[in-house]
Amino acid sequence: MSTIRKIGVMTSGGDSPGMNAAIRAVVRTATYHGIEVHGIRRGYQGMIDGDIYKMEAKDVSNIIQRGGTILKTARSKEFMTDEGMQKAYDNLQKHGIEGLVLIGGDGTFKGAVAFFKKYTIPAVGLPGTIDKDLAGTDFTIGFDTAVNTAVDAIDKIRDTAEAHDRLFIVEVMGRDAGYIALHSGLACGAEDILLPETVTNINDVLDRIDMDERRKKTVHILVVAEGDDFGGAKELQAKVQERFPMLDIRSAILGHIQRGGSPTCADRILASRLGYAAVDALCAGQTQVMAGIINGEIVYTPFEKAIKENVCLSKDMIDMIRVLAV
Ligand code: F6P
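My aim in this report is to walk through the structure given alongside it, one point at a time. (Residues numbered from 1 in each chain as written. Predicted model: local features only at pLDDT ≥ 70, side-chain atom pairs only at ≥ 80, totals over all residues. Heavy atoms only, no water.)

The secondary structure content of the protein chain amounts to eleven helices and eleven strands. Scaling as 2.2 N^0.38, a compact globule of 326 residues should have a C-alpha radius of gyration of about 20 Å, and the protein chain matches this with 22 Å. In terms of overall dimensions, the protein chain has C-alpha extents of about 70 × 40 × 30 Å along its principal axes. Pairs at least 24 apart in sequence give 76% of the contacts found in the protein chain among residues at least 6 apart. Surface accessibility of the protein chain: about 14,000 Å² in total, with carbon and sulfur atoms responsible for 51%. (Helix = DSSP H or I, 4+ residues; strand = E, 2+ residues; numbered from the N terminus. Rg over C-alpha atoms; globule rule 2.2 N^0.38 Å. Contact = heavy atoms within 4.5 Å. Areas by Shrake-Rupley, 256 points an atom, 1.4 Å probe, with all protein chains shown as cover.)

Here you go:
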């Protein structure tokens, strides 16, 4: 049995659908083991501000299906300062917190790496981000929901694009990662997908549109990741219009709708499994690792290895883009 008696749980960085399911799993698993749980509001900022409260099993009732995060979230600049970290640590000590569950993305784990260079407190992370830009897990909490939201939107855009014979450019989120673009683009049968991980040769993109026009393709949808090296939907639209003045072109930036909504079944199960595993890991004395699932199995990856420098898109899937669009 664990010697840990009190843990803190927080969500940090951009919210992602399924974070609530993860909080629920952490609170319920800890409660089951007789461990007290304290919620830290607004991530690292809440640690600094001492915005910490005791949570009971009933506090996480009726949240498994809800998007957002009941603990709220923030991107704290103050936490990256020595003073901010000291205040955060002092507050954890003040509340007697002996272990932490950190739910967030790349920024959360970068923050954790910096913090744990200075301070010692057991901590386990959960990958909560729509961007899927973490190593050490096949999927991150929220990615499946975000991609399905994008797919739903692009399917709808396809209907109107076809009705008007328009070329559509759809920009999706992902910061500097192309997973949402690649997955939603393939799932929607996009003619082209522009990704930050590959160099975009705009002349090649335009030549492919030209070829499709000659072949009289009925619908033309381009999906562009917001972090693409050429630019976003607006830049692309201007360039395509310049070369093809006769085309009727529209663009849509899907934006934050990708971050909201009820989590899919896959995200709820992932979040529940990982929340449960995080508490187990803390009880077993693991620290500074992110819990993830690879090939169906729970794995623990040190924070510094989980951050996105170590992530790469599947080459097979990138190769499929052109083949499936012929
Ligand atoms: O990291 C999640 C994410 O939604 C990215 O895809 C996007 O670039 C960013 O957050 C947007 O951040 P904000 O909500 O602060 O504008």
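Moving on, we come to a negative patch on the surface. Where like charges cluster on the molecular surface, the negative patch consists of Asp155, Asp159, Glu162 and Asp165. The residue Asp159 is located in helix H5 (residues 143-164) in this model. Given the relative accessible area of 54%, Asp159 is considered exposed. (Patch = residues over 30% accessible without salt bridge, like charges linked within 9 Å, V, L, I, M, F, W, Y side chains within 5 Å. Salt bridge = Lys/Arg side-chain N within 4 Å of Asp/Glu carboxyl O. Lys, Arg positive; Asp, Glu negative; His and termini not counted. Charge placed at Lys NZ, Arg CZ, Asp CG, Glu CD. Buried < 20%, exposed > 50% of the residue type's maximum accessible area, 1.4 Å probe, protein only.)

Next up on the list: helix H4 (residues 106-118). Counted at 1.5 Å a residue, the expected span for H4 with its 13 residues is 18 Å, and the 19 Å between its end C-alpha atoms agrees. Listed in full, the buried residues belonging to H4 are Asp106, Thr108, Phe109, Gly111, Ala112, Val113, Phe115 and Phe116. (Expected span 1.5 Å × (residues − 1).)

Once that is clear, we can look at the pattern of salt bridges. Scanning all chains against the criterion turns up 22 salt bridges. Salt-bridge contacts for Asp192 lead to Arg208; the nearest nitrogen and oxygen are separated by 2.9 Å. One end of the pair, Asp192, is in strand S7 (residues 192-194); the other, Arg208, is in helix H7 (residues 202-214), and 16 residues separate them in sequence. Classification of Asp192 by relative accessible area gives buried; the value is 2%. Asp207 serves as the salt-bridge partner of Arg243, at 2.9 Å between the closest nitrogen and oxygen. Of this pair, Arg243 sits in helix H8 (residues 233-243) while Asp207 sits in helix H7; the two residues are 36 residues apart in sequence, bridging distant segments of the chain. Note on Arg243: relative accessible area 34%, which makes it partly exposed.

Turning our eyes to something else, we now look at the packing of aromatic side chains. By the definition in use, this model includes nine aromatic pairs. Ring geometry for Tyr89 versus Tyr119: centroids 4.5 Å apart, planes at 20 degrees, classification stacked. Here Tyr89 is found in helix H3 (residues 82-94), whereas its partner Tyr119 is found in the loop between H4 and strand S5 (123-127), with 30 residues between them in sequence. Both residues of the pair, Tyr89 and Tyr119, count as buried. An aromatic cluster of three or more residues is present, and its members are Tyr44, Phe79, Tyr89, Phe109, Phe115, Phe116, Tyr119 and Phe303. Geometry around Tyr53 places Arg41 over its ring, the cationic atom sitting 4.0 Å from the centre. When the ring centre of Phe139 is taken as origin, the NZ or CZ atom of Lys132, which lies over that ring, is 5.3 Å away. (Phe/Tyr/Trp six-rings, centres within 6.5 Å; stacked < 30°, edge-to-face > 60°. Lys NZ or Arg CZ within 6 Å of the ring centre and 35° of its normal.)

Turning next to the site of the ligand. As a structural note, the neighbourhood of the ligand is formed by Arg75, Ile130, Asp131, Met173, Gly174, Arg175, Glu226, His256 and Arg259. At a separation of 2.9 Å, an oxygen atom of the ligand approaches a polar side-chain atom of Arg75. At 2.8 Å from an oxygen atom of the ligand is found a side-chain nitrogen or oxygen belonging to Arg259. Relative to its unbound accessible area of 400 Å², the ligand is 74% covered by the protein chains. Taken together, the residues of the shell around the ligand sort by class into two nonpolar, two polar and five charged. Here the shell around the ligand spans two domains, since at least three of its residues come from each of domain 1 (6-142 + 263-307) and domain 2 (143-259). (Near = heavy atom within 4 Å. Polar contact = N/O pair within 3.5 Å; in protein donor to acceptor, adjacent residues only side chain to side chain. Nonpolar A, V, L, I, M, F, W, Y, C, P; charged D, E, K, R; others polar. Domains from an automatic or database assignment.)

We now examine the pairing of strand S6 (residues 167-172). When you tally the buried positions in S6, you get six out of six residues, the bulk of the element. Residues Leu167, Ile169 and Glu171 point to one face of S6 and Phe168, Val170 and Val172 to the other, with burial holding for every one of them. Looking at chain direction, S6 and strand S9 (residues 249-253) are connected through five bridges and run parallel. In the sheet register, Ile169 faces S9, and the bridge partner there is Ser251. (Pairing = 2+ DSSP bridges.)

Attention now moves to the pairing of strand S2 (residues 36-40). Within a regular strand, side chains alternate between the sheet's two faces. When you tally the buried positions in S2, you get four out of five residues, the bulk of the element. As defined by bridge partners, strand S1 (residues 6-11) adjoins S2 across five bridges and the pair is classed as parallel. Note that in S2 the partner of Ile7 across the bridge is Val37. Read from S1 through helix H1 (residues 19-32) to S2, the crossover connection turns out right-handed. Judged from the four bridges that link them, S2 and strand S3 (residues 52-55) form a sheet pairing that is antiparallel. Among the inter-strand pairings, Gly39 is bridged to a residue of S3, identified as Tyr53. (Right-handed = clockwise from strand over helix to strand, strands pointing away.)

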